[in-house]
Amino acid sequence: MSSHSSQAQDAPRSPLTLATWNVNSIRARADRVIDWIGRSDVDVLAMQETKCKDSQFPYERFAEIGYEVAHFGLSQWNGVAIASRVGLEDVQTGFPGMPGFAKDPEAEQAGEARAISALAGGIRVWSLYVPNGRELTDRHYGYKLDWLAALRTYAEKQVTDDAGAQIALVGDWNVAPLDEDVWDMEFFEGKTHVSQPERDAFTAFADAGYKEITRGFTPGPGVYTYWDYTQLRFPKKQGMRIDFQVCSPALADRATEASIDREERKGKGASDHAPVIARFA
DNA sequence: ATGTCGTGGACGCCACGA
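A quick note: this is a predicted structure, and the numbers were derived from the prediction, not measured. (Residues numbered from 1 in each chain as written. Chains lettered and ligands numbered in written order. Predicted model: local features only at pLDDT ≥ 70, side-chain atom pairs only at ≥ 80, totals over all residues. Heavy atoms only, no water.)

1. Quick notes on the UniProt feature "site: Important for catalytic activity" (unreviewed entry) in chain A
To be explicit about the condition: UniProt positions are given in the numbering used here, feature names are shortened, and annotations may be inferred rather than shown by experiment. Numbering of helices and strands starts at the N terminus; helices are DSSP runs of H or I of at least 4 residues and strands are runs of E of at least 2. Throughout, exposure labels follow a simple rule: accessible area from a 1.4 Å probe, protein chains only, divided by the maximum for the residue type, with under 20% read as buried, over 50% as exposed, and the rest as partly exposed. Contacts between residues were defined by any pair of non-hydrogen atoms, one from each residue, lying within 4.5 Å. Under the rule applied, a polar contact is a pair of N or O atoms within 3.5 Å (in protein, one hydrogen donor and one hydrogen acceptor; residues adjacent in sequence only if both atoms are side-chain atoms).
As recorded in UniProt, the sites labelled "site: Important for catalytic activity" (unreviewed entry) are Asp243. Take Asp243: it is sitting in strand E10 (residues 243-247). Taking relative accessible area as the criterion, Asp243 reaches 1% and is therefore assigned buried. Beyond its immediate stretch of four places on either side in the chain, Asp243 contacts Asn22, Gly171, Asp172, Thr225, Tyr226, His273 and Val276. Of note is the side chain of Asp243, whose polar atom sits 2.6 Å from the side chain of Thr225.

Here you go:
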């Protein structure tokens, strides 16, 4: 049994608010993110697509408002972080067995900055940025499926080793699990995010005992977490639900509420994703 | 492809990724 899960299990339980948000560049979005944290009063915020190296992350902006940050960024692409005001211990970058990617199929497939985790407020929080997939025929699509399968293998082992493990797999999953999670299934015919293998890869976490806890509090149809910048998708209410909080059984039992802050998608300088917030008892 | 963003490199735009 890992020390992480027993630590989490033994930690005192107190109510906690956890949010996940693909910020699409923390440097371009720092003011909005800092303002939002102040307004929303979250204990822990998992961020994706920070689009910077560790040396470029605006740690001091978060420190000023009382949040520690663990960030994992290797270049201008990807980048994941966790901000917490309830402690941040035992940071891990990447998960065991995580596949890598390189343009050259013959080259070593190096790990990308798509997963970071820390123990925060007694919960093992993972901030995840699942590969996009691009096209069904693209090498990135196979990479995405392999990445999700490896994450599922890791996640399943955690709850097999410790049935009481408090684990949150939150982030941009880049999968729309149900038809109602996109505005028009005909538009998505033959595209990524809605293909059966991607949906099966997402459902596999439920088969391992995990539960996506935000949907039940924010039922569709027409409820989304992402709207493309192009084609006036947001004003036309043409979005996708692709950001989720997938929780281990013991943590899922503690979920008391969830919401999607679509107000944050409005106005100049908005990310193309909205924050997805959950409360645990 | 793009009623759009963000990044970096060598600009005053282009390529790339989403």
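2. Remarks on the protein's contact with DNA strand B
Rules: It suffices for a single heavy atom of a residue to lie within 4 Å of a molecule or strand for the residue to be listed as near it.
Looking at DNA strand B, there are 18 residues lining it, with Ser25, Arg29, Arg134, Gln231 and Leu232 nearest. Sugar and phosphate atoms constitute 70% of the interface atoms of DNA strand B, taking the interface as everything within 4 Å of the protein. Ser25 places a polar side-chain atom, nitrogen or oxygen, 2.6 Å from a phosphate oxygen of DNA strand B. Take Arg134: an N or O atom from its side chain is 2.5 Å from a phosphate oxygen of DNA strand B.

3. Notes on the side chain of Arg265
Defined as follows: By the counting rule applied here, Lys and Arg register as positive and Asp and Glu as negative, while His and the ends of each chain are not counted. Any Lys or Arg side-chain nitrogen found within 4 Å of a carboxyl oxygen on Asp or Glu counts as a salt bridge.
Counting through the fold element by element, Arg265 comes out in the loop between strand E11 (255-260) and strand E12 (276-280). An unpaired buried charge is present at Arg265: no salt bridge exists, and Asp272, the closest side chain of opposite charge, is 6.1 Å distant. There is a polar contact of 3.5 Å between the side chain of Arg265 and the backbone oxygen of Ser271.

4. Considering the sheet that holds E10
In sheet architecture, strand pairing relies on hydrogen bonds along the backbone and comes in two forms, parallel and antiparallel. To keep things clear, this is the line we draw: Note on pairing: two strands pair once DSSP finds at least 2 bridges between them. Only the stretch in contact is used when fitting a helix axis, every axis being a line fitted to C-alpha atoms; angles between N-to-C directions are given from 0 to 180 degrees.
The strand order across the open sheet built from 6 strands is E5-E6-E7-E8-E10-E9, with neighbouring strands paired in mixed fashion. Only two strands of the sheet have a single neighbouring strand rather than two, namely strand E5 (89-93) and strand E9 (211-212). Sheet topology places E9 next to E10; 2 bridges connect them, and they run antiparallel. Bridge pairing links Lys211 to Cys247 in E10. Relative to the sheet, helix H4 (residues 139-161) contacts E5, strand E6 (115-120), strand E7 (123-129) and strand E8 (167-172), its axis offset from that of E7 by approximately 175°.

5. Focus: the packing of aromatic side chains
To keep things clear, this is the line we draw: Aromatic contacts are taken between Phe, Tyr and Trp rings whose centres are within 6.5 Å, Trp giving its six-membered ring; a plane angle under 30 degrees counts as stacked, one over 60 as edge-to-face, and the others as tilted. Placement of a positive charge over a ring is assigned whenever Lys NZ or Arg CZ falls within 6 Å of the ring centre and within 35 degrees of the normal to the ring plane.
For the structure on display, the rule yields 15 aromatic pairs. Between the aromatic rings of Trp227 and Phe234, the centroid separation amounts to 5.0 Å while the plane-to-plane angle is 85°, which identifies the pairing as edge-to-face. The buried category is assigned to Trp227, whose relative accessible area is 2%. Aromatic ring contacts, followed pair by pair, group Phe95, Trp126, Trp147 and Tyr154 into a single cluster. Note that Arg233 overlies the ring of Phe187, its terminal NZ or CZ placed 5.1 Å from the centroid.

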